[in-house]
Amino acid sequence: MKFSGKNVLVTGGSKGIGAQICRVLASFNLKVWINYRSNPDIADALAEEIRSNGGEAAVIKFDASNEEEFINAINVIIQSDGELSYLVNNAGITNDKLALRMKLEDFTSVIDANLTSAFIGSREALKVMSKKRFGAVVNIASIVGEMGNAGQVNYSASKGGMIAMSKSFAKEGASRNVRFNCITPGFIETDMTNKLSDDIKKSYTDAVALKRFGSTTDVANGVAFLLSDYSSYITGDVLKINGGLYM
């Protein structure tokens, strides 16, 4: 794939889907800024892995839901590299429980971590990318933001909001040649899904048209495409990576 930019910031990039996004983007010769919030050892190990494979990586600590910290981090990147070409808003949390038992704090904490963080990042990215009339943002939403899910009123609201927000950012960024798109992963193989029993895994995969979980690489490849020049005429769109679970 071809990229006209030179660097990318991935929030929540030290583990899981975020880490694989960092690996794949680094393989395309982008300098990857790996964001973490609380565990420097994991982030440093990932950066070293990327460097040992010939890529370029840097580690940056901040809480993506904290406006001041996010802004300061982007300033650090610009001071270092002279630009921010791409942003992947991947940071997020879950706090699942039935709505009848969900406290307001349970709801707002997930909204702040998932949606507010993506808003701050998208807004600041639009500011800095507009100066060069170039850039792209990918927001990692979720299939539950499209179809809902019992026990995830807070999470589905945050991810559904992210989809709608990205479309609005796309309209505002288009005249400045800054693109905004979303990815909505379905069931993806992670440390969490690997702990599920075989019976539960089967019940999940039976609902998927392709009859299997996706991989973190499937998601990372989708991110790479939406950031690359290959998708230069795509903005405000949602790429479903769910194996046909929701069409």
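In the annotation of an unreviewed UniProt entry, the entry for the protein chain reads 3-oxoacyl-[acyl-carrier-protein] reductase, and the organism field reads Campylobacter sputorum subsp. sputorum. The UniProt entry for the protein chain carries the following comment under Subunit (unreviewed entry): "Homotetramer." Here is the UniProt Sequence similarities (unreviewed entry) comment for the protein chain, exactly as written: "Belongs to the short-chain dehydrogenases/reductases (SDR) family."

1. Digging into the UniProt feature "domain: Ketoreductase" (unreviewed entry) in the protein chain
As recorded in UniProt, the sites labelled "domain: Ketoreductase" (unreviewed entry) are residues 6-190. Helix and strand shares over residues 6-190 are 51% and 18% respectively, and the end C-alpha atoms of the span are 29 Å apart.

2. Some points on the pattern of salt bridges
Within this structure, the stated rule accounts for eleven salt bridges. Across the pair Glu 83 and Lys 132 runs a salt bridge whose closest N-O atoms are separated by 3.6 Å. Here Glu 83 is found in the loop between helix H3 (67-81) and strand E4 (86-89), whereas its partner Lys 132 is found in helix H4 (residues 104-132), with 49 residues between them in sequence. A relative accessible area of 52% places Lys 132 in the exposed class. The network of salt bridges with shared partners includes Glu 67, Arg 123, Glu 124 and Lys 127.

3. Describing the environment of Val 219
With respect to the helices and strands, the residue Val 219 is situated in helix H9 (residues 216-227). Spatially, the C-alpha atom of Val 219 lies 9.4 Å from that of Asn 242, the residues being 23 residues apart in sequence. If sequence neighbours within four positions are ignored, Val 219 has contacts with Ile 17, Ile 183, Pro 185, Ile 188 and Ile 241.

4. So, the side chain of Thr 216
Counting through the fold element by element, Thr 216 comes out in helix H9. You can call Thr 216 buried: its relative accessible area is 16%. Look past the residues within four positions of Thr 216 in its chain and what remains in contact with it is Gly 16, Ile 17, Gln 20, Ile 188, Glu 189 and Thr 190.

Rules used throughout
- Here, residues in each chain are numbered from 1, in the same order as that chain's written sequence.
- Local features in a predicted model are, by the rule used here, given only for residues with pLDDT of at least 70; side-chain atom pairs are given and counted only at 80 or more, and totals for whole chains, interfaces and linings are based on all residues.
- Side-chain numbers here rest on the full set of heavy atoms in the structure, without hydrogens or water.
- UniProt positions are given in the numbering used here, feature names are shortened, and annotations may be inferred rather than shown by experiment.
- We count a stretch as a helix when DSSP gives it H or I for four or more residues in a row; a strand needs E for two or more, and each element gets its number in order from the N terminus.
- Any carboxyl oxygen of Asp or Glu within 4 Å of a side-chain nitrogen of Lys or Arg constitutes a salt bridge here.
- Note on classification: 1.4 Å probe, protein chains only; a residue is buried when its accessible area is under 20% of the maximum for its type, exposed when over 50%, partly exposed between these limits.
- Note on definitions: a residue-residue contact is assigned when non-hydrogen atoms from the two residues lie within 4.5 Å.

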